[in-house]
Structure formats: C-alpha cells, structure tokens
Amino acid sequence: MHRHRSAIVSFLVIAACAAAVAPVPVVAQELAAGQANHTADAPVAQAVRISSQLSIDGVLDEEVWMSAPAISDFRQTVPEEGAPVTERTEIRFLYDDENIYVGAWLWDRGEVLSRLARRDAGVADADFFVVLFDSYHDHRTAYRFATSPAAMKRDEIVSGGGDRTFGDTSWDPIWDIETSITEEGWFVEMRIPFSQLRYSEAEVQTWGLQVERKIRRHAEDTMWAFTPRSERGGVARFGHLVGIENIVQGKRLELLPYVGGRAEYTEIARNDGAQFANPYRSGSDYFGNAGLDLKYRVTSNVTLDATLNPDFGQVEVDPAVINLTAFETRFDEKRPFFIEGAEIFDFGTGGGGGSQLLYSRRIGRTPQGSIPGSAVYSDAPGSTTILGALKLTGKTPSGWSLGALNAVTGEESASYITGASEHGEAIVEPLTNYFTGRIRRDLRGGTAAIGLIGTAVHRDLSDTGLRSRLRSAAYSAGIDARADVADREWTLAAELSPSYIVGEPEVISSAQRSSARYMHRPDADHLELDPTATSMLGATGRFAVSKQAGDWQGGATLNGTTPGYEINDLGFQSAADRVNLSGDFGYDELDPGSVFRQWGADVSSRGTWNFGGERQAFEVTGSANGQLLSFHGFNARLSRQFESWDDRLTRGGPLAIAPAGWSGNVGLNTNSRLPVSVRTGLGFSEDDAGGWSRNANVNVSIRFKEIYEIQIGPEFRRSHNAAQYVTAIADPLATHTFDRRFVFAPIDQTTVGLQTRFNATFTPELSFELYAEPFLSSGDYGSLMEFAAPSSFEFNEYGSGSSTIDHDQQGRYVVDPDGAGPAAQFTVSNRDFNFRSLLGNAVLRYEWSPGSTVFLVWQQMRSERLVPLAGDTQLSRVGQFEFDRDTRALFGLKSDNILLVKVNYWLNP
C-alpha cells in the first residue's frame, strides 16, 4: 500500500496546512479594497440621554420616551422575504449614566400569543421581541436580550455570523424587563445596566444594533437591519446605534457567595469478602460546603472571573450510554463557569477525530488513579475538587480578543480497608494545574481574523505513586486564520496545532498504544513504537475553502493529524494518524413556491487515509430537506460506504478490511409553533459482511396553559455487528497474525431509551424542571471466532475444524485453538449483558432577588448490569432483550437519592 511514502505524505500534509495558515491574513488585507462594505448603507438608530432613571413597568407612558426618534422600518425574513412587517412596530432608545433603556411599541390588531418559560428557554409558540447590541462594534460579538409578552428573559452572547453564529446562554446578566398587553398590542420596557456590557473606552460610542420581532400568529419573523436569507448575515450585518456619549464603567466588582448542603441516601452493598460492614458510608450521609464566584471588570472591555470551591450540584446528569468501542464518549459541558465565554477559546482543529484543544470537562474529572485490589471498601471521591479557577476575557478597541483560563484541582486520596481490617490510603489524583490562553485579532471589520491558542497541564507527581500512570506535563498550541472574501460569499480558513506530552516511559508507551493511534500495530511500516521514549510530539492542520452565501453553496476541506498528536489531557481527541479530504456541494431554494416554503439538496464525499497511505474510509452522501407552506418539514440522507482498510478493528493488531455498505435516514417534523409538535427520525445501515442497524426516535413537545411544557423522546435501536472485538491472546504459535490471536464474536444489541422533561414556569423568577431517562440495553454475543489473516475480514469460528470450545465451572469459555495441537488453551468470559438504568433530577429554582438564587435539587439514580454467572439459573437469559422483564426490574431496583440545597447572594459593592 506504498507505506514507504509515509514520511513524504506526513511532511506534505502538515506543510500544506501550515503554509495555508500564513497567507490568509495577507490575502485578507490585499482583498480589503474589493470587499463590499455593508456598514456604509446600514440603518442608524439614535439614543437620547436622559437626566434621571426611568420606572420600569412596561407601560411606556413617560413623556421622555417621545424625545427619542423611533425606528420602524422592519422587513420580513419569513414568510414573505423583504416585505414590510404586517403590524406597526416602533422602537426607541434612551440612556443615562448607568443604564441603557429600550422601549418597544408592538402594536397588534389580532391576538397576542404569550408563553412564560424558564430563563433562556426556547419558545416557538409565543410572540417575541429581540434586541442585540454589538457594543464592542467588532462585527463579531453581540449581547442578545429577548422577551415574550409574559416578560420571560432570554439573554445570551452571540458570536460569528452566517452559519458560524452560535449563542452562549449561560451568560446571565442582571437587567430589568416588564411588559404589558392591551387591546392595541403588547409593549416592552427594558433597563440594561452598562455594567453588564463590555464596550470601548471612547467618549463617543457607536454600537452595532439589530432588532427583531416575531409575530407567531402570522408565522412572521422580521428584522430591522435586513439581510436576505441567501446572504451571510449575523453580527457583521447589523445597523448602528449612535448618540451614546461619556458613559462610565460603573461598579466593577460582583460577588456571588454561596452555601449549600447535600444529603445522600444510597444503597451500600456488603462485600462478600469482608466480615464487616462498610466503615466509610452508612447509606445516609450529609455534607456541607461553601464557595464564592467573583467577577471584576478590569476595564470596560476586560473582565476577570474567578471561582473558589465551585459547586455544580444543580447541573443536569449526563445521559446513559452503552459504549463497546475503544473510544471515549464525549459529553457536553454543562457547568456555567466553563460555558460562559467559551466561544473565545473555541479552536476546533477539525483533525481526524473531531478534536478540540479545550475540553473543559477534563477539569474536575473523575480521579484517574486506583486503589489496591486487596481493598474491600474504599472512600474514593467521585470527582476531583476544583480548588479555584480564574478566567480573564476581553477585547481591545484595536480588534484584539483575549482569553486566559487557569484552574487548579487538588490532590485526591482514597482511604481503604482490606479484608484483614488493614487500613490504607492511596493517592488517586495529583495536584494539577490547567491553563489555556487565547488571542485573536479581527481584521477588515470582522471579515478576517488570525489567532493563537496555547494550553498546558502540569501535574505534581512527586510522592503520589502515579508516575507510571499519568503524564507529568502536556502542551498544545495552535494558530488559526480565516478570511471572508468576494462580498462574504466565500470563506478561507486554516489551522495548525502542535502537541507535546512528557512522562515516564510507561506513560508515553501507553499513549503510543492508545486507541487514537495504535503505534504498535505489527504491519504498520510507517509507525514505530518507542518503549524508551519520555515524550511524544505531533501536529494537526486544516485548510478549508467554502462558499456560504447564494443559492449554490459548498466547499472542500483538507486536514491531517500525525500519529504523535495527543491533546487528551485538556482537550478531546479520538483519532490520530489520519488525513481527511472532504467536499460538499448543494443548492438551497429559499423563495416560497406552490408547495414548498423552502427546500435544498446536497451531495458530499469524504475520504480518510492513514499516513501509510492506506485508505480508511470513502463515502459519498446525498441529502435533501424541505419545509412545506404549512411549516411542516422533512429531511433525508443516503450514503454509500466503499470498501476500505480498517487499522482499528483489531485494536493494535494487523490491518483488516472495512466492508462496503449503505446507510441512511429520514426525518419528519410538524410545525414547531403549534402547541403540540412532533419530530421523528428513522435510520438504517448495512454492510456486505452482514452487519446492520435500525433505529427510530420520536420527540413530542406539548405546551399548555402558558406555563407548562412536556417533552417526550423515546428512542429504539437494534443492531447486528458481524465482528465485535472481544480480546487478544498472546500465542507464539499464531505466526499468521503476528504471535497473537484476535478473538471476535458477532453481537446483537437492542437499546430502548426514553428522555422525558417537564418544565413549569410559575413566574419569571420561579421555575421547576424535571428530567428522567429510563434506559434499557442488551448485548447477545454469538460464537467466538478468530481473526483469520491480516488484510482481510475473515474469521474462523471456534469449535469448527480442529479447534474446540467448552465451558468451565465458572461459566467461562475454554478455547483450544488447534485441538490436540501444541497451542495453549485460553479462557474468555461470557460477555452477554443486560443494562438497566433510570436517571433523573428535579430542580426548583427561585430568584429571590436580582442575581440571587436558591436551588432545591433532587437526583435519583438506579442502575444494574447483569452478566452471566455460573449456576445462576435466573440469569440464563442474560443478553436477551425482554422489555416487560427489564422494565419491571428497572422500577424494582433500589435507588440512590441525593438531595441538595444551594443559596447564593449577588453583591455589587
């Protein structure tokens, strides 16, 4: 497979990506003269200074409001793009030394649709008013304030533009909102303190401004600074707000101390190897804690956030998953401290595993050490304590964005006791420092940018016993650049990121053998395992060109990740030793016709190679989507996977073949603006080796009585994998597979889950949320078989030919690969399983004073994993999916219950 070219391929891919990074800012500057300037003809709004604060009551009867000129030229984006708003709309802006005020007259000749929802919730069936301030005036970032006629709050930080726009709803500023509803329509009055915004220190301010109104009765979305849907929109296409002068920063410091308590009522199992009960836990255990969050505005556009002993008890639990692969499951970050401002640290390399340099869930992770096998009971922490964290973020008037995050997690130890009543203590996580720094320079009014990022992890491994398990240090860096050209229709983007890890030889050898790279593969001529290495260096790079405006859109991306690239100490990465080339091309029709409101079709392809030149995947996909005039919609996808090589199937063994196959899905959805809306999906896959999968999901959303919402999401999946990896057995007689026997088995798997949410918002300050997920999964392994030969997808079933297979008294399989021959017997455990779990939590949140909140939280966890045991006839059907049996058993499991209370108090001294 031309593996001798690996060094040349490695150099060319990374060099090409590196070379692509440097020219982009230069290209951006050279094309500046030809770049259309959308701000030249952007609409302008005028803010007027007042001498005293306004009373916020939603009535808008103060005469001073009439001193400000109104903006009223709103145009529709849907349903009739470019048409004037159907209902009269006027917006005015006032300000004083401390606040900016927004008044909205939203007249309506029909019914005003209202819904009250918890803060930051999405509301599809209520009228909405939105105002966005680009107070930095950098054309990339804006503060979004939105409300419904029920005066709910939705606030977020919006970044980017067009398809790159995303919002950070974890940002919860302190601001006031009141609304009123009359026969003439509904009216909004907002007071937003300048202290909650970031802006330049100039005496005369010019802000970017966008205002939106949604009239659900007409299914109508309108905006003030209008951009056609076929063009790139977002912050770069905002209008302007002028007239703000000589404003001061206001109070710089915000404190949010908290106190909390936790009660855990859990089932404490008795260890059969001990003659005594667990001395560490009684089953009814109580804990208390306290901490502090701090926000300090260093300048009007730079903010320091800090947290001491943070508590995240009110955060929703992660969903249940069954992972039979060699790769880690990635869960979303849900902790507010790490979510807020995360966009400034965004640097997704796009490398083969969808890697990202900062995956903040590494901070405070489950301890990575272990306790001795002789322990019968232990008191091990479930997570690492975050002693403190600092985050500095901001922007300068010249276009620089900066961010720095530093967190320190404490040394964690686990007390334990052996069956002989001997006490001990093991360090399971060392004192660790995590750092990420990011800078970015916006150019050409936000249509081009170049940035740098760096991360570092340092662990104090002295006297911990963890030197042979954990890396002492890990570093990564990155440079990225992009430029929007040709009137923002085209985007060029490039990234380059090196990594470097340090540790004892056992640690670096483990990294070389990890599932991301498998450097010990015996037939990989382009890879070499170095068991004496104390460091590992790698890099990844990406170059992309895309057309993101107009009816026809598409693009192409090239990225490469060398085998030595490793960022999992603070980042997330699943694959290395990869070169990916992908492209897509599609058409979007946005003008309503006689049947469709809009529709689109797309064709894409993706190819993946390792650095030995062996193709790991090649796929061609066609997809289509559409929305009817009734706002019901559909989407469909069909993909063809062509036969390729697979250097991961044997998990460090020889190369195998990945069979060709097909996959696809179809989805239908009803109008999301209706009180009851439904979204469904059906999917399938099959391959030439006989593997297949079928899945179906439904999501039903029910909204009623203005304050209640129920979401029900059942999901069902069945699959058959023709060759699931089981284990590998060393055997010098297995010369045909490099002195190891790779054991596989077919597996039939069935999974059923039901995610359920109930939300009730009694007032804008008081809400209740309930989440529950029953989850059932079974795995039924077939006959054990042995990988027959490298570069194949062939297997020899044990028990056929000269091989034999039997059971021992423990119920394990006893395999003799050549019967009476010289090869040694080995045993393999029965891997069949049934997994049952019920996860849930309920949160009552009350904002008893602006910025001050009390949380009451209940979490419940029930889970059980059944595996075959010798002589246990009740478990003879383990591996078979029986819905009635498993459901009854699920609700009969003993539950672990956790009750929490947390009170914080916002101070602005």
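Conventions we followed
- Residues numbered from 1 in each chain as written.
- Predicted model: local features only at pLDDT ≥ 70, side-chain atom pairs only at ≥ 80, totals over all residues.
- Heavy atoms only, no water.
- Phe/Tyr/Trp six-rings, centres within 6.5 Å; stacked < 30°, edge-to-face > 60°.
- Helix = DSSP H or I, 4+ residues; strand = E, 2+ residues; numbered from the N terminus.
- Buried < 20%, exposed > 50% of the residue type's maximum accessible area, 1.4 Å probe, protein only.
- Lys NZ or Arg CZ within 6 Å of the ring centre and 35° of its normal.
- Pairing = 2+ DSSP bridges.
- Patch = residues over 30% accessible without salt bridge, like charges linked within 9 Å, V, L, I, M, F, W, Y side chains within 5 Å.
- Areas by Shrake-Rupley, 256 points an atom, 1.4 Å probe, with all protein chains shown as cover.
- Salt bridge = Lys/Arg side-chain N within 4 Å of Asp/Glu carboxyl O.
- Lys, Arg positive; Asp, Glu negative; His and termini not counted.
- Charge placed at Lys NZ, Arg CZ, Asp CG, Glu CD.

Enquirer: An account of the packing of aromatic side chains is requested, with residue identities and associated values reported.
Expert: Overall, the coordinates contain 31 aromatic pairs when judged by the stated rule. Between the aromatic rings of Phe276 and Tyr377, the centroid separation amounts to 5.8 Å while the plane-to-plane angle is 55°, which identifies the pairing as tilted. Here the residue Phe276 occupies a position in the loop between β14 (253-265) and β15 (284-299), and Tyr377 occupies one in strand β17 (residues 375-379), the gap between them amounting to 101 residues. A ring pair is formed by Trp848 and Tyr905, whose centres lie 5.5 Å apart and whose planes are at 15°; its orientation type is stacked. Here the residue Trp848 occupies a position in strand β45 (residues 833-849), and Tyr905 occupies one in the segment after β47 (896-904), the gap between them amounting to 57 residues. A residue is classified by how much of its surface remains accessible, and Trp848, at 39% relative accessible area, is partly exposed. Owing to a relative accessible area of 39%, Tyr905 belongs among the partly exposed residues under this scheme. Linked through ring pairs, Phe93, Phe133, Tyr143, Phe145, Trp171, Trp175, Phe194, Tyr199 and Trp207 together constitute an aromatic cluster. Directly above the aromatic system of Trp107 lies the positively charged group of Arg88, at a separation of 3.8 Å from the ring centroid.

Enquirer: Quick one: what's the story with the pairing of strand β42 (residues 804-807), residue by residue and with numbers?
Expert: Direction of pairing for β42 relative to strand β43 (residues 813-816): antiparallel, over a ladder of 4 bridges. Paired with Thr804 across the strands is Asp816, a residue of β43. The loop that links β42 with its antiparallel partner β43 comprises 5 residues; one of these, Gly811, has a positive phi angle of about 85°.

Enquirer: Describe a negative patch on the surface, and please don't skip the residues or the numbers.
Expert: On the surface, Asp57, Asp61, Glu178 and Glu765 cluster together into a patch of negative charge. If you trace the backbone, Glu178 turns up in strand β9 (residues 176-182). Look at Glu178 and you get partly exposed, because its relative accessible area is 36%.

Enquirer: An account of the pattern of salt bridges is needed here, citing residue identities and associated values.
Expert: A complete count under the given rule lists 55 salt bridges for this structure. Put simply, Arg812 and Asp808 hold a salt bridge, and the shortest N to O gap is 2.8 Å. Of the charged contacts, one joins Arg845 and Glu847 as a salt bridge, the two residues approaching to 4.0 Å between their closest N and O atoms. If you follow the salt bridges from partner to partner, you end up with Arg836, Glu864, Arg877, Glu882, Arg885 and Asp886 in one network.

Read these as layout, nothing more, since geometry by itself doesn't imply function.
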